[in-house]
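Below, each chain spelled out in residue letters.
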Amino acid sequence: AQSVTQPDIHITVSEGASLELRCNYSYGATPYLFWYVQSPGQGLQLLLKYFSGDTLVQGIKGFEAEFKRSQSSFNLRKPSVHWSDAAEYFCAVGAPMNNDMRFGAGTRLTVKP
Amino acid sequence: GAGVSQSPSNKVTEKGKDVELRCDPISGHTALYWYRQRLGQGLEFLIYFQGNSAPDKSGLPSDRFSAERTGESVSTLTIQRTQQEDSAVYLCASSLEQASYNEQFFGPGTRLTVL
């Protein structure tokens, strides 16, 4: 079965600074990859997803992610963080062969003024 | 409504009591999922329903946990004889059908506290 690792439990960045959240997966083939965001008191919302094609994926709220097969990674990036981006971010991996999805443990983002 | 709804939003119970959590999926979504999110941890898959197929219960942590779904609508997650380690946020999600490429739409969750 596939698995996903988010190495950073908590990240703090200053408002206006760039952001990169790491996600590594384990799967024998190309998986489906997702990033979700969970704002305080809210359910998870899809930011972006990758299935195939262009490895740089654009999402909502100015986020992007890049699929790197050689590194088994799907890192989330944003060039300039806003205070409203403070939230929990989850990477998820879907396995085409078993219709299964696994979520990472999440990375909590704090934004300093 | 337009999104997934869950009730209650908060539930405080005493150890040993039974609780029922409710999820209303998006209309037309045949797949429904339950997850548990303990404080500071990721989402732990519990169970999913896909149409009229037998549910996948592989994630249920013990026989105290059970879930039902009526057709392609409401689902209830029942926890019997609650324990303190059951304290968590229980999230429900739905999608058009159960497939690993489908976006899951999440409800706001039910925060369960077992005293």
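Right, let's walk through the structure included here. (Residues numbered from 1 in each chain as written. Chains lettered and ligands numbered in written order. Predicted model: local features only at pLDDT ≥ 70, side-chain atom pairs only at ≥ 80, totals over all residues. Heavy atoms only, no water.)

As a further point, take the overall build of chain B. The secondary structure content of chain B amounts to zero helices and ten strands. C-alpha atoms of chain B, sized along the principal axes, occupy 35 × 25 × 25 Å. Buried positions account for 50% of the 115 residues belonging to chain B. A separation of at least 24 residues holds for 56% of the contacts in chain B among residues at least 6 apart in sequence. Taken as two groups, the 11 positive and 13 negative side-chain charges of chain B have centres that lie 7 Å from each other. (Helix = DSSP H or I, 4+ residues; strand = E, 2+ residues; numbered from the N terminus. Buried < 20%, exposed > 50% of the residue type's maximum accessible area, 1.4 Å probe, protein only. Contact = heavy atoms within 4.5 Å. Lys, Arg positive; Asp, Glu negative; His and termini not counted. Charge placed at Lys NZ, Arg CZ, Asp CG, Glu CD.)

Here we come to the packing of aromatic side chains. Two measures describe an aromatic ring pair: the distance that separates the ring centres and the angle between the ring planes. Considering all chains together, one arrives at 16 aromatic pairs over all chains under this definition. With a centroid separation of 5.8 Å and an interplanar angle of 40°, the aromatic rings of Y33 of chain B and Y48 of chain B are classed as tilted. Within this pair, whereas Y33 of chain B is found in strand β4 (residues 31-37), its partner Y48 of chain B is found in strand β5 (residues 43-50), the two being separated by 15 residues in sequence. Residue classification places Y33 of chain B among the buried residues on the basis of a relative accessible area of 4%. Clustering of aromatic rings is evident, with ring pairs tying together Y32, F34, Y36, F51 and F103 of chain A together with Y33, Y35, F45, Y48 and F106 of chain B. (Phe/Tyr/Trp six-rings, centres within 6.5 Å; stacked < 30°, edge-to-face > 60°.)

Below, the discussion takes up the interface of chain B and chain A. Counting from both sides, the interface comprises 17 residues of chain B and, opposite them, 21 residues of chain A. Between chain B and chain A, the buried area comes to about 1,500 Å², and carbon and sulfur atoms account for 54% of it. At the boundary of chain B with chain A, the tally comes to zero salt bridges. The interface formed by chain B and chain A holds two residue pairs in polar contact (both at pLDDT 80 or more) in total. Of all the elements in the fold, those that place two or more residues in the side of chain B that touches chain A are β4 and β5 of chain B. (Buried area = accessible area lost by both parts, 1.4 Å probe. Salt bridge = Lys/Arg side-chain N within 4 Å of Asp/Glu carboxyl O. Polar contact = N/O pair within 3.5 Å; in protein donor to acceptor, adjacent residues only side chain to side chain.)

Let us look at the state of the cysteines. Residue and element names in this part refer to chain A. Per the counting criterion, the structure on display carries two disulfides over all chains. The disulfide partner of C23 is C91, and the S-S distance across this bridge is 1.9 Å. With the S-S bond torsion at -65°, the cross-link from C23 to C91 turns out left-handed. With a gap of 68 residues between them, C23 in the loop between β3 (19-21) and β4 (24-26) and C91 in strand β10 (residues 87-95) connect regions that are remote in the sequence. Judged by its relative accessible area of 0%, C23 is buried. (Disulfide = S-S within 2.5 Å.)

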